[in-house]
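Given next are the chains, with one letter for each unit.
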Amino acid sequence: MQKYKLSWKDLSFKDFKVYLFALFKAFIPKKKIKNLDELEHFIQTKSAWVTQVTLYSYLKTRMGTRYVLHFDNDEFMSSVNLAKWNIYSIALQDLTFFTFSYLKVNFNYQDTNQAKEIFNKILDDEISNKMPLDIIEEAKRTFNERLQNLNWETYYKDLPFNPSALSLYKWAPIAEELKTLDRKIVLNSMILKWDIIRDEFKKLIEF
């Protein structure tokens, strides 16, 4: 995947509407999570929120600097879209593992097999939103691989969101020399967003 340096014209108004709506959704009143369907909705929407807000915030931060180079807008947006889906696929994994680990330890919820069921269902539903099939297949493969080594008793408190933070750093379509300088800020920006979701989940869960 190519990496780019950015200018304001490289993101369309439609793209920033997605970003701004994601920010706005953080202030919508929350309902309790009482069953698996509501848990699935929480995992999907919050993973999308974290992905959108962190990725678009990072791109916005890097616009308009003296490092700007101009290039074809369609090509850039293709890279943004590719980054979005790849980051989202890992965010879904992290939040699925976190929520089920937390439920097992704190609510004595034993049916952890439902984690895979929910994860796969979310990905299959995303086909209608044009999530690339190759990314879906890779996400399922990675999920199964991580699942083999997962400790449900400790996952929720053992840096559960580091993989998606590293995914943001890997996939963001930013020039490598800039991204290297930004590494700590980029990783922390996603972890801070996940801290919001973690606290929200603990307040809403009523299994």
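These figures come from a predicted structure and were not determined experimentally.

**Q** I'd like to hear about the pattern of salt bridges, residue by residue, with values.
**A** Using the criterion set out here, one finds twelve salt bridges in the structure. Asp195 is the partner of Arg198 in a salt bridge, and the nearest nitrogen-oxygen pair spans 3.2 Å. Here Arg198 and its partner Asp195 are both found in helix 7 (residues 176-204), three residues apart, which amounts to about one turn of the helix. The exposure class assigned to Arg198 is buried, which follows from its relative accessible area of 19%. Its relative accessible area of 27% is what places Asp195 among the partly exposed residues.

**Q** Lay out the side chain of Asp94 with the relevant residues and their values.
**A** Here Asp94 is to be found in helix 3 (residues 73-107). Asp94 sits in the buried class, given a relative accessible area of 0%. Within the structure, the side chain of Asp94 is placed 2.6 Å from the side chain of Ser164, a separation counted as a polar contact. With residues up to four places along the chain from it excluded, the contact list for Asp94 reads Arg146, Tyr155, Pro160, Phe161, Asn162, Pro163 and Ser164.

**Q** So, helix 7: which residues are in play, and what are the values?
**A** In this model helix 7 runs 39 Å from its N-terminal to its C-terminal C-alpha over 29 residues, within 8% of the 42 Å that 1.5 Å per residue would give. Roughly 65° is the biggest bend found in helix 7, and it falls at Asp182. Listed as buried for helix 7 are Leu178, Lys179, Asp182, Val186, Leu187, Met190, Trp194, Ile197, Arg198, Glu200, Phe201 and Leu204.

**Q** Hey, could you go over the environment of Tyr56 for me, with residue numbers and the actual values?
**A** Of note, Tyr56 is situated in helix 2 (residues 36-61). Take Tyr56: its relative accessible area is 5%, and that puts it in the buried class. Each C-alpha atom of the pair Tyr56 and Ala172 lies 9.3 Å from the other, and the pair is 116 residues apart in sequence.

**Q** So what's going on with the packing of helix 6 (residues 162-171) against helix 7? Residues and values would help.
**A** For the pair helix 6 and helix 7, interaxial distance at closest approach is 9 Å and the crossing angle is 140°. The orientation of helix 6 relative to helix 7 falls into the category oblique. The handedness of the crossing between helix 6 and helix 7 is right-handed. Mapping the contact onto sequence places Asn162, Ser164, Ala165, Leu166, Leu168, Tyr169, Lys170 and Trp171 in helix 6 and Lys179, Thr180, Arg183, Val186, Leu187, Ser189, Met190, Ile191 and Trp194 in helix 7. In terms of residue class, the contact of helix 6 with helix 7 is built from ten nonpolar, four polar and three charged.

**Q** Now, about the packing of aromatic side chains: what can you tell me, with residues and values included?
**A** Taken as a whole and judged by the stated rule, the model has 15 aromatic pairs. Summarising the aromatic geometry, the rings of Phe97 and Tyr155 are spaced 5.7 Å apart at their centres and angled 65° between planes, so their arrangement reads as edge-to-face. Separated by 58 residues along the polypeptide, Phe97 in helix 3 and Tyr155 in the loop between helix 5 (133-148) and helix 6 bring together distant segments of the chain. Here Phe97 matches Tyr155 in class, with each residue buried.

**Q** An account of the environment of Val105 is requested, with residue identities and associated values reported.
**A** Residue placement: Val105 occurs in helix 3. By relative accessible area, Val105 is classed as partly exposed at 30%. Separated by 48 residues in the primary sequence, Val105 and Glu153 place their C-alpha atoms 6.0 Å from one another. In this view, Val105 contacts Trp152, Glu153 and Tyr156; residues no more than four positions away in its chain are not counted.

**Q** Describe the packing of helix 2 against helix 4 (residues 114-125), listing the residues and the values that go with them.
**A** Taken N-terminus to C-terminus, the directions of helix 2 and helix 4 make an angle of 55°; their axes are 10 Å apart at the nearest point. Between helix 2 and helix 4, the angle is such that the two are oblique. With respect to the hand of their crossing, helix 2 and helix 4 are arranged in right-handed fashion. Of the residues in helix 4, those in contact with Leu36, Leu39, Glu40, Ile43 and Gln44 of helix 2 are Gln114, Ile118, Lys121, Ile122 and Asp125. The residue makeup of the contact of helix 2 with helix 4, split by class, is five nonpolar, two polar and three charged.

Cut-off values and rules
- Residues numbered from 1 in each chain as written.
- Predicted model: local features only at pLDDT ≥ 70, side-chain atom pairs only at ≥ 80, totals over all residues.
- Heavy atoms only, no water.
- Salt bridge = Lys/Arg side-chain N within 4 Å of Asp/Glu carboxyl O.
- Helix = DSSP H or I, 4+ residues; strand = E, 2+ residues; numbered from the N terminus.
- Buried < 20%, exposed > 50% of the residue type's maximum accessible area, 1.4 Å probe, protein only.
- Polar contact = N/O pair within 3.5 Å; in protein donor to acceptor, adjacent residues only side chain to side chain.
- Contact = heavy atoms within 4.5 Å.
- Expected span 1.5 Å × (residues − 1).
- Bend = angle between axes of the 7 residues up to and from the residue.
- Axes fitted to C-alpha atoms, helices over the stretch in contact; angles between N-to-C directions.
- Parallel < 35°, antiparallel > 145°, perpendicular 65-115°, else oblique.
- Left-handed = near helix turned anticlockwise from the far one by under 90°.
- Nonpolar A, V, L, I, M, F, W, Y, C, P; charged D, E, K, R; others polar.
- Phe/Tyr/Trp six-rings, centres within 6.5 Å; stacked < 30°, edge-to-face > 60°.

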